[in-house]
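These are the residues of each chain, in order.
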Amino acid sequence: MDPRTEIREFLSSRRARIAPDQAGLPAYGGNRRVKGLRREEVALLAGVSVDYYVRMERGNLAGASDGVLDALASALQLDEAERDHLFHLARRSRAPSGPRRRRSAVTVRSTLQQVLDAISGAPAWIGNGRYDVLAMNQLARALYSPVLADPRRPANTARFVYLHPEAAGDFFVDYDQVTSAAAAKLRMEAGRDPHDEELIALVGELSTCSELFRQRWASQDVRLHRSGRKRMRHPIVGRLDLDVESLALPAEPGLHLNVYTAPTGTPTADKLALLASWAATQQTPATEFEAPDG
């Protein structure tokens with residue numbers, strides 16, 4: 001995760017995806033040697049010199065002001081997540097490189113577990129930017145039983161998606177979209193906290209063990225944690241089409257509360273009720289941090 005390499009690959013990949021006509025520029029000549037915009041065209045759109053843009057794309061954002069970064073984001077037609085990532089990369093470029101650090105183990109406060117347990121009609125769980133599952137309510141444990149089958153703790157949904165592709169492909173209806181989103185959110189997290197030793201280890205493990213992850217990671221795509229829709233095939237109740245709300249927890253920086261719901265009266269709502277009944281008959285599972293015995 002060398003910052004200069006990250007900057008170079010991110011900017012060149014965003015430049016390559018924009019055709020001149022998309023940027024309102026004439027495409028002189030029918031045989032362009034570069035995919036997307038040329039560096040001089042990006043410089044023109046951003047209102048900077050060609051030499052200055054070339055220095056930025058080579059990995060030097062240390063001297064770039066917020067105004068220049070905003071102009072560059074507009075020239076490259078960056079979305080909100082990509083713009084945030086650009087600013088994270090610029091801050092890293094300005095700051096001296098720090099050592100890797102291992103975060104202390106996160107223990108979810110008991111009051112947050114109470115909140116999860118009080119949400120009885122919807123699966124709810126708390127996770128971090130590395131896709132670690134840190135706390136769940138009973139219905140979330142039932143919903144994510146395929147993910148929790150891996151004895152490693154804390155359970156990690158990115159590891160499940162990439163290292164157990166058959167099980168994950170059966171579980172997630174939109175498996176390709178899920179893999180793209182997972183890599184994009186991990187890259188976003190790496191931009192925010194490049195010295196997180198556990199994140200570095202996770203990216204290294206996935207890169208070593210999964211060709212699909214290597215492809216997704218190389219795309220340089222980034223995504224924010226946002227609301228959306230998840231379609232799943234649960235081994236007990238079958239197909240579930242769930243609305244997902246991902247809520248940042250201001251008192252716990254980096255953690256998100258994820259709640260899965262379905263409109264009343266829909267087949268998915270009925271199946272969630274059935275899943276809740278099934279979950280109530282099961283033995284209390286190990287916590288999110290402890291591997292099951294045996």
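Structure first, text after, so check above.
Please read all numbers here as calculations on a predicted model, not as lab measurements.

About the criteria used
Residues numbered from 1 in each chain as written. Predicted model: local features only at pLDDT ≥ 70, side-chain atom pairs only at ≥ 80, totals over all residues. Heavy atoms only, no water. Helix = DSSP H or I, 4+ residues; strand = E, 2+ residues; numbered from the N terminus. Buried < 20%, exposed > 50% of the residue type's maximum accessible area, 1.4 Å probe, protein only. Contact = heavy atoms within 4.5 Å. Areas by Shrake-Rupley, 256 points an atom, 1.4 Å probe, with all protein chains shown as cover. Core = buried A, V, L, I, M, F, W, Y, C linked by side-chain atoms within 4.5 Å. Expected span 1.5 Å × (residues − 1). Polar contact = N/O pair within 3.5 Å; in protein donor to acceptor, adjacent residues only side chain to side chain. Pairing = 2+ DSSP bridges. Axes fitted to C-alpha atoms, helices over the stretch in contact; angles between N-to-C directions. Parallel < 35°, antiparallel > 145°, perpendicular 65-115°, else oblique. Left-handed = near helix turned anticlockwise from the far one by under 90°. Nonpolar A, V, L, I, M, F, W, Y, C, P; charged D, E, K, R; others polar. Phe/Tyr/Trp six-rings, centres within 6.5 Å; stacked < 30°, edge-to-face > 60°. Lys NZ or Arg CZ within 6 Å of the ring centre and 35° of its normal.

### A few points about the overall build of the protein chain
Phase 1: On a plain count of helices and strands, the protein chain comes out with 14 helices and five strands.
Phase 2: By its C-alpha atoms, the protein chain is 70 × 40 × 35 Å across when sized along the principal axes.
Phase 3: By residue count, 46% of the 294 residues in the protein chain fall in the buried class.
Phase 4: Across the protein chain, the fraction of contacts at a sequence separation of at least 24, relative to all contacts at a separation of at least 6, is 61%.
Phase 5: Of the roughly 14800 Å² of accessible surface on the protein chain, a fraction of 51% belongs to carbon and sulfur atoms.

### A word on the nonpolar core
Phase 1: Of all hydrophobic cores here, the largest spans 42 residues; its most connected members are Leu143, Tyr144, Phe172, Leu186, Phe213, Met232 and Tyr260.
Phase 2: Residue contributions to this core peak at six residues, all from helix 11 (residues 175-192).
Phase 3: Those residues in contact with Phe213 that lie beyond four places of it in its chain are Tyr162, Ala183, Leu186, Val203, Leu206 and Ser207.
Phase 4: In terms of nonpolar packing, the next biggest core, distinct from the first, is built from 26 residues, Ala23, Leu25, Val48 and Ala73 among them.

### What about helix 5 (residues 80-94)?
Phase 1: Here helix 5 is 15 residues long and its end C-alpha atoms lie 21 Å apart, about the 21 Å a rise of 1.5 Å per residue gives.
Phase 2: Among all positions in helix 5, only Ala81, Glu82, His85, Leu86, Phe87, His88, Leu89, Ala90 and Arg92 are buried.
Phase 3: Along its buried surface, helix 5 packs onto helix 1 (3-16), helix 4 (66-75) and helix 11.
Phase 4: Between the side-chain oxygen at the start of helix 5 and the backbone nitrogen of Ala81 there is a gap of 3.2 Å, and the oxygen is on Asp79.

### Describing unusual backbone geometry
Phase 1: In the segment running from Arg153 into Pro154, the intervening peptide bond is cis, with an omega of 0°.
Phase 2: Looking at the element boundaries, Pro154 is found in the loop between helix 8 (145-148) and helix 9 (157-163).
Phase 3: Here the phi dihedral of Gln77 falls at roughly 55°; this positive angle occurs in a residue that is not glycine.
Phase 4: Turning to its location among the elements, Gln77 is positioned in the loop between helix 4 and helix 5.
Phase 5: Even without glycine at this site, Gln220 takes up a positive phi of about 65°.
Phase 6: Take Gln220: its relative accessible area is 2%, and that puts it in the buried class.

### Brief notes about helix 2 (residues 39-46)
Phase 1: Looking only at helix 2, the buried set comprises Glu41, Val42, Ala43 and Ala46.
Phase 2: Where helix 2 is buried, its residues meet helix 1, helix 3 (50-57) and helix 4.
Phase 3: Positioned one or two residues after helix 2, Gly47 has a phi angle of 75°, which is positive.

### Re the pairing of strand 2 (residues 133-136)
Every regular strand shows the same layout, with side chains that alternate between the two sheet faces.
Phase 1: Examined bridge by bridge, strand 1 (residues 124-127) and strand 2 share three bridges and lie antiparallel to one another. Opposite Ile126, over in strand 2, you have Ala135 as the bridge partner.
Phase 2: Connecting the antiparallel pair strand 1 and strand 2 is a turn made up of five residues, with Tyr131 showing a positive phi of about 70°.

### Focus on the environment of Ala269
Phase 1: With respect to the helices and strands, Ala269 occurs in helix 14 (residues 267-280).
Phase 2: Residue Ala269 is classed as buried on the basis of its relative accessible area, which comes to 17%.
Phase 3: Discounting residues that sit within four places of it in the chain, Ala269 has contacts with Ala262, Pro263 and Thr264.

### Notes on the packing of helix 11 against helix 13 (residues 211-218)
Phase 1: One can describe the packing of helix 11 onto helix 13 by two numbers: an axis separation of 9 Å at closest approach and a directional angle of 60°. Relative to helix 13, the element helix 11 is oriented oblique. Our pair here, helix 11 against helix 13, has a crossing hand that is right-handed. The segment helix 11 lies against helix 13, with Tyr175, Asp176, Thr179, Ser180, Ala183, Leu186, Arg187 and Ala190 engaging Leu212, Phe213, Arg216 and Trp217.
Phase 2: Looking at the contact of helix 11 with helix 13, its residues break down into seven nonpolar, two polar and three charged.

### Here's the deal with the packing of aromatic side chains
Phase 1: Inspection of the entire model under this criterion finds eight aromatic pairs.
Phase 2: With 5.9 Å between their ring centres and 85° between their planes, Tyr144 and Phe171 make a pair best called edge-to-face. Placement of the pair is Tyr144 in the loop between helix 7 (138-143) and helix 8 and Phe171 in helix 10 (residues 165-171), with a sequence separation of 27 residues. This pair shows no difference in class: Tyr144 is buried, exactly as Phe171 is.
Phase 3: Linked through ring pairs, Trp125, Tyr144, Phe160, Phe171, Phe172 and Tyr260 together constitute an aromatic cluster.
Phase 4: Sitting over the ring of Trp217, Arg187 keeps its end group 4.0 Å from the ring centre.

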